[in-house]
Amino acid sequence: MATYRFDLNKEYSDRLENDALANNMNVQDYIRYKLFGEKNIFTVQEVIRRLESTDRFDSKEFTVPDVYTDEEWAMIDKGRAGVLGNNFYKYIIDNAQHGIYFVQGRSIKRRAVYFKVKK
């Protein structure tokens, strides 16, 4: 796999990080999206969209992989899965308007557990 490096001044670095954050993506996924139009289903934005488009998770505990089919989840490597889980956690902690809450002290298969309040 090729590695590319480029330098940004503080202004552009802050802008890139803020734009990625505003799109609920990490910087690497945001760059791929902007450069290549790559749509990645493993984003916080997609997890939220899936959770809000169904009542299957209402009033139930779930982990991030539960939002995907087994076939979809098999396509993501452990590193990116961890990044997705971490980004989702950070987003949920700061955005209670979705009615999704982290269940403190609970894990399933070493994964964070969330609870979605029925709207």
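Look up a bit, the structure's there.
Let me sum up the structure you'll find in this document. Please read all numbers here as calculations on a predicted model, not as lab measurements.

Regarding the sheet that holds strand 1 (residues 60-62)
- Within the open sheet, the 3 strands sit side by side as 1-3-2. Their pairing is antiparallel. Two strands lie at the open edges of the sheet, namely strand 1 and strand 2 (100-108), each paired on one side alone. Between one strand and the next, the sheet's axes are offset by a mean angle of 35°, whatever the strand orientation.
- With 3 bridges connecting them, strand 1 and strand 3 (residues 111-116) associate as antiparallel partners. Paired with glutamate 61 across the bridge in strand 3 is phenylalanine 115.
- Packing against the sheet, helix 5 (residues 78-94) makes contact with strand 2 and strand 3, and its axis sits at approximately 135° to strand 2.

Things to note about unusual backbone geometry
- Positioned with a positive phi, serine 59 is a non-glycine residue whose angle comes to about 55°.
- Here serine 59 shows up in the loop between helix 3 (44-52) and strand 1.
- On the accessibility criterion, serine 59 (43% relative accessible area) is partly exposed.

Details of the pairing of strand 2
- Taken together, the 5 bridges between strand 2 and strand 3 define a ladder with antiparallel strand orientation. The residue bridging tyrosine 101 from the neighbouring strand is phenylalanine 115, located in strand 3.
- Counting the residues that bridge the hairpin from strand 2 to strand 3 gives 2 residues, and of these lysine 109 lies at a positive phi of roughly 50°.

Structural notes on the packing of helix 3 against helix 5
- Two numbers describe how helix 3 lies on helix 5: the axes approach to 9 Å, and their chain directions differ by 65°. One way to sum up the angle between helix 3 and helix 5 is to call them roughly perpendicular. Along this stretch, helix 3 crosses helix 5, giving a crossing that reads as right-handed. Contact residues: Val44, Val47, Ile48 and Leu51 in helix 3; Leu84, Asn87, Phe88, Tyr91 and Ile92 in helix 5.

Cut-off values and rules
- Residues numbered from 1 in each chain as written.
- Predicted model: local features only at pLDDT ≥ 70, side-chain atom pairs only at ≥ 80, totals over all residues.
- Heavy atoms only, no water.
- Pairing = 2+ DSSP bridges.
- Helix = DSSP H or I, 4+ residues; strand = E, 2+ residues; numbered from the N terminus.
- Axes fitted to C-alpha atoms, helices over the stretch in contact; angles between N-to-C directions.
- Contact = heavy atoms within 4.5 Å.
- Buried < 20%, exposed > 50% of the residue type's maximum accessible area, 1.4 Å probe, protein only.
- Parallel < 35°, antiparallel > 145°, perpendicular 65-115°, else oblique.
- Left-handed = near helix turned anticlockwise from the far one by under 90°.

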